[in-house]
Amino acid sequence: MLKESWSLVEEHQDKVAGYFYARIFLSHPDLRDLFPVHMDVQRARLLNAIVTAVQTLEDPEKFDDYLRALGRDHRKFHVEPAHYEVVGGALIEAMRQFAGEQWGVEYDQAWADAYAVIAAKMLAGAEADTNPPYWYAEVTAHERRATDIAVFTVMPLQPLEYRAGQYLSLECPRFQPRLWRTYSPANAPRRDNTLEFHVRAVGAGWVSSALVRRLEVGDMIRLAAPMGSMNLDRRSTRDAVFVAGGTGLAPVKSLLEELTRYNRTRWVHVFFGARTREDLYDLAELNRLAARYPWLSVVTACSEDPTFPGEQGNISDVVARYGPWNEHDFFVSGSGKMVKATLRTLAELQVPSVRIKYDSFSD
Ligand SMILES: Cc1cc2nc3c(=O)[nH]c(=O)nc-3n(C[C@H](O)[C@H](O)[C@H](O)COP(=O)(O)OP(=O)(O)OC[C@H]3O[C@@H](n4cnc5c(N)ncnc54)[C@H](O)[C@@H]3O)c2cc1C
Ligand code: HEM
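From a predicted model like this one, the values you see are computed outputs, not experimental measurements.

## So, the sheet that holds strand β1 (residues 135-146)
Pairing is antiparallel in the open sheet, where six strands are placed in the order β4-β3-β6-β1-β2-β5. Unpaired on one side and paired on the other, β4 (176-183) and β5 (195-200) mark the two borders of the sheet. In this sheet, adjacent strand axes meet at a mean angle of 35° when their direction is disregarded. Direction of pairing for strand β3 (residues 167-172) relative to strand β6 (residues 220-227): antiparallel, over a ladder of four bridges.

Structure, rendered in structure tokens:
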């Protein structure tokens, strides 16, 4: 019934989104402050998120962990329990408005029921969390490493726990208030609490270009909700292969740093690819690690730099030139396209999917 009713309004999605937000902001003007300044940036983000959640989480029990985490994470948006009813009501109103005569009361009920179950799980997650909703962190170093790439370090004002290989959401209130994006720390948790980030400014990207081109030492950013499961299994005795595209190197470096603390027995191979040599922005540091740790080897590749002295081609193809890889643990991270291509290569090489962990940088 949920899918059937959504199909009545699907082709008017933009209008439904416009009505949905107008409804919320007219009845509760204070809620406008929770959302980004330019709503056109991600016009239908929340609406799409809710509709997708309601339609795909047919059995919310199965998604309990995800929904609890989503509820915890919503505290960074300053969402309060009372807001759930307002948003749920606006959603149903907006759909009813554009569905025409085919809309029926049974649809109202189906959406209200599904939304209520999901909202209850999110609220329970938020309530149970003892962490702060976000952490302020001061930028202590900022370095441009390539035209589009910056490496910067931040110092959270309170301790922030995460595991090597996880990512966090980040907001840059000075330049892009209320726009949160996820970035992966490039270091394992340290005693001094600092985190290093590697960011590439994408095309017309709002947050990434501010982080690369405008962020300065002394600026405050906010961090929230460590997430993700691209972690090391300390019990594994298999050798490991890391495949990174561009700033996909960040979580790989975090995992490498963790390995430097305990690994003695596993061979570790890093494949680092980018379009041009300029984009291999952290190669000097990788080479330094490889010189220091005998178990580590690094292969680099460029796909659009014919005179580059390393490997030529996409990193996903380069991995296949080495091997055999059927006894290794794999970690893959980079753009959506790069991750997809690498997973395809690994499938062709018959690497079992249970041995592959990956983070794709696309939404
Ligand atoms: C789990 C995870 C971890 C991530 N870790 C990192 C990291 O460590 N370092 C890092 O640099 N990025 C990382 N990202 C990507 C990051 O979260 C943002 O998506 C990226 O910085 C773009 O945000 P933006 O606000 O600048 O662009 P937006 O304003 O969201 O997008 C602007 C335009 O750029 C397009 N676009 C968005 N992303 C890309 C892209 N990757 N390539 C090409 N076009 C794009 C959009 O389609 C849109 O048209 C990670 C993403 C995920 C999901
Ligand atoms: C069933 C209930 C809900 C679901 C499933 C849901 C889901 C989501 C998801 C998946 C995102 C994207 C996450 C991200 O970009 O980090 C999001 C963003 C957001 N949500 Fe929710 N949400 C719900 C209810 C609410 C409520 C009640 C509010 C309060 C007003 C709210 C406010 C926001 C805001 C402000 C954003 C960021 C929007 C943006 O960047 O444009 N959400 N939501």
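## A short note on the coordination of the iron atom of ligand 2
Think of it this way: four donors in a tetrahedron around the metal ideally sit 109.5 degrees apart, and six in an octahedron ideally sit 90 or 180 degrees apart. Protein coordination of the iron atom of ligand 2 rests on one atom only, His 74 (NE2), at 2.1 Å. Residue position: His 74 is located in the loop between α4 (64-73) and α5 (81-99).

## What to know about the nonpolar core
Judged by nonpolar contacts, the single largest core of 40 residues is most densely connected at Phe 20, Ile 24, Leu 47, Ile 50, Leu 91 and Trp 111. Listed by contribution, the elements that provide at least two residues to this core are α1 (2-7), α2 (13-27), α3 (45-56), α5 and α6 (105-128). In contact with Phe 20, not counting residues within four places along its chain, are Leu 46, Leu 47, Ile 50, Val 87, Ala 90, Leu 91 and Ala 94. Judged by nonpolar contacts, the second largest core, of 30 residues, contains Ala 164, Phe 242, Tyr 293 and Cys 302.

## Examining the site of ligand 1
Close to ligand 1 lie 19 residues, the nearest being Arg 181, Thr 182, Tyr 183, His 198 and Ser 208. Contacts to ligand 1 include Tyr 183, whose side-chain N or O atom sits 2.7 Å from an oxygen atom. Ser 184 places a polar main-chain atom, nitrogen or oxygen, 3.1 Å from an oxygen atom of ligand 1. Expressed as a share of its isolated accessible area of 930 Å², the protein-covered part of ligand 1 is 72%. Only β4, β5 and α7 (206-213) provide two or more residues apiece to the shell around ligand 1.

## Here's the deal with the environment of Gly 88
Here Gly 88 is to be found in helix α5. The spacing of Gly 88 and Thr 307 is 219 residues in sequence and 57 Å in space, taken between C-alpha atoms.

## Topic: the pattern of salt bridges
If the charged atoms of two oppositely charged side chains come close together, the side chains can form a pair. Applying the stated criterion across every chain, the model contains 21 salt bridges. We note a salt bridge from Asp 329 to Arg 238, for which the minimum N-O separation is 2.9 Å. Residue Asp 329 is located in strand β11 (residues 329-334), and its partner Arg 238 is located in the loop between β6 and β7 (240-245); the two are separated by 91 residues in the primary sequence. Put simply, Glu 257 and Arg 261 hold a salt bridge, and the shortest N to O gap is 3.1 Å. Here Glu 257 and its partner Arg 261 are both found in helix α8 (residues 249-262), four residues apart, which amounts to about one turn of the helix.

## Some thoughts on the packing of aromatic side chains
If you walk through the whole model with that rule in mind, you get 14 aromatic pairs. For the pair Phe 271 and Trp 325, a centre-to-centre distance of 5.8 Å together with 90° between the ring planes defines the contact as edge-to-face. Residue Phe 271 is located in strand β8 (residues 268-274), and its partner Trp 325 is located in the loop between α10 (315-321) and β11; the two are separated by 54 residues in the primary sequence. Given a relative accessible area of 1%, Phe 271 falls into the buried group. On the numbers, 6.1 Å between centres and 85° between planes, the contact of Phe 272 with Tyr 281 is edge-to-face. Both residues of the pair, Phe 272 and Tyr 281, belong to the buried class. Cluster of aromatic residues (ring-pair linked, three or more members): Phe 20, Tyr 21, Phe 25 and Phe 35. Of note, Arg 234 hangs over the ring of Tyr 262, and the distance from its end group to the ring centre comes to 4.0 Å.

Calculation notes
- Sequence positions are assigned chain by chain, starting from 1 and proceeding in written order.
- Numbering of ligands from 1 and lettering of chains from A proceed in the order in which they are written.
- Residue-level local features of this predicted model are given only where pLDDT is at least 70; pairs of side-chain atoms are given and counted only at 80 or more, and the full residue set underlies all totals for whole chains, interfaces and linings.
- Hydrogens are left out, water is left out, and the side-chain values use all remaining heavy atoms of the structure.
- If DSSP finds at least two bridges between two strands, the strands pair.
- The helix count covers DSSP runs of H or I at least four residues long, the strand count covers runs of E at least two residues long, and both are numbered beginning at the N terminus.
- Axis definition: a line fit to C-alpha positions, over the contact stretch in the case of helices; interaxial angles, taken between N-to-C directions, run 0 to 180 degrees.
- The rule for donors is simple: N, O or S, within 2.8 Å of the metal, or within 3.2 Å if the metal is Na, K or Ca. Water isn't counted, so a site may look like it is missing partners.
- Here, the term nonpolar core denotes a set of buried Ala, Val, Leu, Ile, Met, Phe, Trp, Tyr and Cys residues that are joined through side-chain atoms within 4.5 Å.
- Each residue is assigned to one of three classes by its accessible area relative to the maximum for its type, calculated with a 1.4 Å probe on protein chains only: buried under 20%, partly exposed between the two thresholds, exposed over 50%.
- Residues are treated as being in contact if the distance between any of their heavy atoms lies within 4.5 Å.
- Nearness is defined per residue: one heavy atom within 4 Å of the molecule or strand is enough.
- Polar contact is the term for a pair of N or O atoms within 3.5 Å; when the atoms are in protein, one must be able to donate a hydrogen and the other to accept it, and sequence-neighboring residues count only if both atoms are side-chain atoms.
- Only the protein chains shown count as cover for residues, and all accessible areas are computed by the Shrake-Rupley method using a 1.4 Å probe.
- What makes a salt bridge here is a side-chain nitrogen of Lys or Arg within 4 Å of a carboxyl oxygen of Asp or Glu, nothing more.
- Here a pair means two rings of Phe, Tyr or Trp (six-membered ring of Trp) with centres within 6.5 Å. Their orientation is stacked below 30 degrees between planes, edge-to-face above 60, and tilted elsewhere.
- Definition used: whenever NZ (Lys) or CZ (Arg) falls within 6 Å of the ring centre and also within 35 degrees of the ring normal, the charge is taken to sit over that ring.

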